[in-house]
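The residues making up each chain are set out below.
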Amino acid sequence: QVQLVESGGGLVQPGGSLRLSCAASGSFFSINVMAWYRQAPGKQRDLVAIVTSSGSTNYADSVKGRFTISRDNAKNTVYLQMNSLKPEDTAVYYCNVRLKPRITSGLYDYWGQGTQVTVSS
């Protein structure tokens, strides 16, 4: 069984910073892509940032230059450093991991439980 445990959310003032973490644990063969999504009230869940197994990254236009995604393969952990936060960044943030449970299996998506980020003065 694979588990994703997120941490790092909270309340921050506009212009502030937060760092989210998501650690994958359990039994699996390899991790492919790791990503962060967010969902604001009444809106769909959108991709924020993604990092491949080789370290390539991609970002939503709304967070480019402010957010940085990174991963520690030894710890099976993905991070999201969020700087210059704005009220419109307020949402529940979910980590997503695409992995192979076994060497012979295909790729499967797993989701974290979500962590609330609120940007407000």
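Attention in this report is confined to the structure presented alongside it. (Residues numbered from 1 in each chain as written. Predicted model: local features only at pLDDT ≥ 70, side-chain atom pairs only at ≥ 80, totals over all residues. Heavy atoms only, no water.)

## Some remarks on the overall build of the chain
If you tally the helices and strands in the chain, you get zero helices and 11 strands. Helices and strands in the chain line up, N terminus first, as β-β-β-β-β-β-β-β-β-β-β. Relative to the 2.2 N^0.38 estimate, which gives 14 Å for 121 residues, the radius of gyration of the chain is 14 Å and therefore close to what a compact globule would have. Evaluated residue by residue, the chain yields a buried proportion of 39% over its 121 residues. Long-range contacts, defined here as pairs at least 24 residues apart, represent 55% of the contacts in the chain between residues at least 6 apart. Total accessible area on the chain stands at roughly 6,500 Å², and carbon and sulfur atoms take up 46% of it. (Helix = DSSP H or I, 4+ residues; strand = E, 2+ residues; numbered from the N terminus. Rg over C-alpha atoms; globule rule 2.2 N^0.38 Å. Buried < 20%, exposed > 50% of the residue type's maximum accessible area, 1.4 Å probe, protein only. Contact = heavy atoms within 4.5 Å. Areas by Shrake-Rupley, 256 points an atom, 1.4 Å probe, with all protein chains shown as cover.)

## Observations regarding the packing of aromatic side chains
On inspection of all chains with the given rule, the structure shows one aromatic pair. The aromatic ring of Tyr94 is capped on one face by Arg45, whose charged end is 3.7 Å from the ring centroid. If you follow Arg45 out to its NZ or CZ, it ends over the ring of Trp111, 4.8 Å from the centre. (Phe/Tyr/Trp six-rings, centres within 6.5 Å; stacked < 30°, edge-to-face > 60°. Lys NZ or Arg CZ within 6 Å of the ring centre and 35° of its normal.)

## So, the sheet that holds strand β3 (residues 18-26)
Strand order in the open sheet made by the four strands is β1-β3-β8-β7, with antiparallel pairing throughout. Each edge of the open sheet carries a strand with a single partner, namely β1 (2-7) and β7 (67-72). Sheet twist, expressed as the average angle between the axes of neighbouring strands with direction ignored, equals 15 degrees. Bridging between β7 and strand β8 (residues 77-82) involves six bridges; their strand directions are antiparallel. Each bridged residue has a counterpart across the sheet, and for Phe67 the counterpart in β8 is Met82. (Pairing = 2+ DSSP bridges. Axes fitted to C-alpha atoms, helices over the stretch in contact; angles between N-to-C directions.)

## Some points on the state of the cysteines
Tallied over the full model, the rule gives one disulfide. Here Cys22 pairs with Cys95 through a disulfide, and the sulfurs are 2.0 Å apart. With a gap of 73 residues between them, Cys22 in strand β3 and Cys95 in strand β9 (residues 91-100) connect regions that are remote in the sequence. Both residues of the pair, Cys22 and Cys95, count as buried. (Disulfide = S-S within 2.5 Å.)

## A short note on the layout of surface pockets
What the largest pocket holds in volume is close to 210 Å³. Surrounding the largest pocket, 14 residues form its lining, Arg38, Ala40, Lys43, Asp46 and Glu88 being those nearest its centre. When residues of the lining of the largest pocket are traced back to their parent elements, those giving at least two are β4 (30-39) and β5 (46-51). Sorting elements by how many residues they give to the lining of the largest pocket places β5 first, with three residues. Partitioning the lining of the largest pocket into residue classes produces six nonpolar, four polar and four charged. (1 Å grid on protein atoms, 1.4 Å probe; cavity = no way out; pocket = protein on both sides within 12 Å on 5 of 7 lines; lining within 4 Å. Points joined across faces, edges and corners; volume = space filled by probe spheres on them. Nonpolar A, V, L, I, M, F, W, Y, C, P; charged D, E, K, R; others polar.)

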